[in-house]
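If you want the building blocks of each chain, they are given just below.
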Amino acid sequence: MRGAGEPQFPVAQPAGTGGEACEDARPGPAADTPMGSERTEIRKRQMATTPETPGAAQAQLSTGNRGSNACCFCWCCCCSCSCLTVRNQEEERARRTSHELQAEGIPNCEESPAPTLEEVNAWAQSFDKLMLTPAGRNAFREFLRTEFSEENMLFWMACEELKQESNKSVIEEKARLIYEDYISILSPKEVSLDSRVREVINRNMLEPSQHTFDDAQLQIYTLMHRDSYPRFMNSAIYKDLLQSLSEKSIEA
């Protein structure tokens, strides 16, 4: 209790508990602190303007390089692709020269009259009689095509054409094309020859002549005689042809 004559002093209140103190502690409009949505918007703008990291830039550069070299699985394969390009060009050149040789002297199919019944029966007597006539060679070649060995007949025919040449420059050119088409291990039409015959051919190619491939031609001829000829005689191609001619002979 205070006496009547004691002066009255204001009681100090704890900071932050009074009404005016709380009001002073709250920020006024001048503080202008951004709220939650504003912070999100600012963060988005900052992320949009942030430069890419070196790793991301390198990854993008690497991706762009792969895109510009679509033929490569990775950047380190460029040398392999270049080698494949050169090889494909060489194979295309070899095919082109092969087609030129066929256009000059080796037709896709020999022109011949239709075989008679007597001729077809003679084919069964010996392989020599089959190969003697164009009709017999065409029928046998059709059979070889079904066995994926037509290159044997093509090689034999190319050698026969070479033997008929007399001009030295033409002989050298045709010998080179025959070698590329049927002797080279890179050719898809390579014929099966033993090492001895290949060595003979390599020596003969130093000075090509009409008889450069004689040993190889004989070996392929023997191969067709022993391997393909018996199957041809039992094939549908030969039997159907023989039956058709027999029926026509009866009707006549």
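None of the values given here were measured: they were computed from a predicted structure.

(A) The arrangement of the overall build of the chain in detail. Scanning the chain from N- to C-terminus turns up 12 helices and zero strands. Moving toward the C terminus, one meets the helices and strands of the chain in the order α-α-α-α-α-α-α-α-α-α-α-α. When the 252 residues of the chain are sorted by exposure, 28% land in the buried category. The contacts in the chain between residues at least 6 apart in sequence include a share of 61% that link residues at least 24 apart.

(B) Local environment of the environment of A175. Note on placement: A175 falls in helix α9 (residues 168-183). Residue A175 is classed as buried on the basis of its relative accessible area, which comes to 0%. As a C-alpha pair, A175 and A158 span 17 residues in sequence and 9.2 Å in three-dimensional space. Contacts of A175, omitting those with residues within four sequence positions, involve L162, M205, P208 and F213.

(C) Looking closely at the confidence of the model for the chain. In the predicted model, the chain carries a mean pLDDT of 75, and the fraction of residues at 70 or more is 57%. Looking over the chain, one finds the lowest element-wise mean pLDDT in helix α1 (residues 19-25), namely 44, and the highest in helix α11 (residues 214-233), namely 98. Counted against residues more than four places away or in other chains, residues 52-57, with its pLDDT under 50, gives two contacts. The low-confidence segment residues 97-107, where pLDDT is below 50, has 21 contacts with residues more than four positions distant or belonging to other chains.

(D) Representation of the packing of helix α7 (residues 134-146) against helix α8 (residues 150-163). As a packed pair, α7 and α8 sit with axes 7 Å apart at the nearest point and diverge in direction by 140 degrees. Counted together, R137, F140, R141, L144 and R145 of α7 and E150, M153, L154, W156 and M157 of α8 form the full contact between these two elements. Considered class by class, the residues forming the contact of α7 with α8 number six nonpolar, no polar and four charged.

(E) Spotlight on unusual backbone geometry. Backbone geometry places F148, a non-glycine residue, at a positive phi of 60 degrees. Considering the arrangement of structural elements, one finds F148 in the loop between α7 and α8. The exposed category is assigned to F148, whose relative accessible area is 74%.

(F) Spatial organisation of the side chain of R137. Mapped onto the secondary structure, R137 falls in helix α7. Overall, the relative accessible area of 13% leaves R137 in the buried class. Apart from residues lying up to four places away in sequence, R137 is in contact with E110, L130, M131, L132, M153 and W156.

(G) Molecular detail of the pattern of salt bridges. Enumeration over the complete set of coordinates arrives at 11 salt bridges. One salt bridge connects E173 with R176, and the closest N-O pair in it is separated by 2.6 Å. Placement of the pair is E173 and R176 together in helix α9, with a separation of three residues, close to one helical turn. Taking the relative accessible area as the measure of exposure, E173 reaches 36% and is therefore partly exposed. Among the salt bridges present, the one from R176 reaches E180, with a minimum N-O distance of 2.8 Å. Of this pair, R176 and E180 both sit in helix α9, four residues apart, which is roughly one turn of that helix.

(H) Representation of the packing of aromatic side chains. Per the counting criterion, the structure on display carries 10 aromatic pairs. Pairing F140 with F232 gives two aromatic rings, centres 5.5 Å apart and planes at 80 degrees, and the pair type is edge-to-face. One end of the pair, F140, is in helix α7; the other, F232, is in helix α11, with 92 residues separating them in the sequence. Residue classification places F140 among the buried positions, given a relative accessible area of 0%. With a centroid separation of 6.2 Å and an interplanar angle of 35 degrees, the aromatic rings of W156 and Y221 are classed as tilted.

(I) Just the nonpolar core, in detail. By size, the foremost hydrophobic cluster in this structure holds 38 residues, and its most contacted members are F140, F155 and F213. Elements with a minimum of two residues in this core: α5 (117-123), α6 (127-132), α7, α8, α9, α10 (195-204), α11 and α12 (236-251). Examining the composition of this core, we find that eight residues originate from one element, α8, more than from any other. Ignoring any residue separated from it by four or fewer positions in sequence, one finds F140 in contact with F127, L130, M131, M153, M224, S228, Y229 and F232.

(J) α10, seen in detail. Inspection of α10 places V197, R198, V200 and I201 among the buried residues, and these make up the whole buried set. Along the axis of α10, the buried residues cluster in a sector spanning 160 degrees; they form a single face. Facing away from the buried side of α10 by more than 90 degrees, the exposed set consists of S195 and R203. Contacts from the buried residues of α10 go to α9 and α11.

Rules behind the numbers
Numbering of residues begins from 1 in every chain and follows the order in which that chain's sequence is written. Only residues with pLDDT of 70 or above have their local features reported here, since the model is predicted, and side-chain atom pairs are shown and tallied only from 80 upward, although totals for entire chains, interfaces and linings are computed over all residues. Processing note: side-chain calculations cover all non-hydrogen atoms of the structure and skip hydrogens and water entirely. Here a helix means four or more residues in a row that DSSP labels H or I, a strand means two or more in a row labelled E, and each is numbered from the N terminus. Each residue is placed in one exposure class: buried if its accessible area under a 1.4 Å probe, protein chains only, is under 20% of its type's maximum, exposed if it is over 50%, and partly exposed if it falls in between. It only takes one pair of heavy atoms within 4.5 Å for two residues to be counted as in contact. Each residue carries a pLDDT score, the predictor's own confidence in it, on a scale running from 0 to 100. Think of each axis as a best-fit line through the C-alpha atoms, taken over the contacting stretch in the case of a helix, with angles from 0 to 180 degrees between the N-to-C directions. Residue type decides the class: Asp, Glu, Lys and Arg count as charged, Ala, Val, Leu, Ile, Met, Phe, Trp, Tyr, Cys and Pro as nonpolar, and the leftover types, Gly among them, as polar. One side-chain nitrogen of Lys or Arg within 4 Å of one carboxyl oxygen of Asp or Glu is enough to make a salt bridge. Any two rings among Phe, Tyr and Trp, with Trp reduced to its six-membered ring, count as a pair given centres within 6.5 Å; such a pair is stacked if its planes are under 30 degrees apart, edge-to-face if over 60, and tilted if neither. Nine residue types can take part in a nonpolar core, namely buried Ala, Val, Leu, Ile, Met, Phe, Trp, Tyr and Cys, and a core is a set of them joined through side-chain atoms within 4.5 Å. Arc definition: it is the arc formed by the directions from the helix axis to the C-beta atoms.

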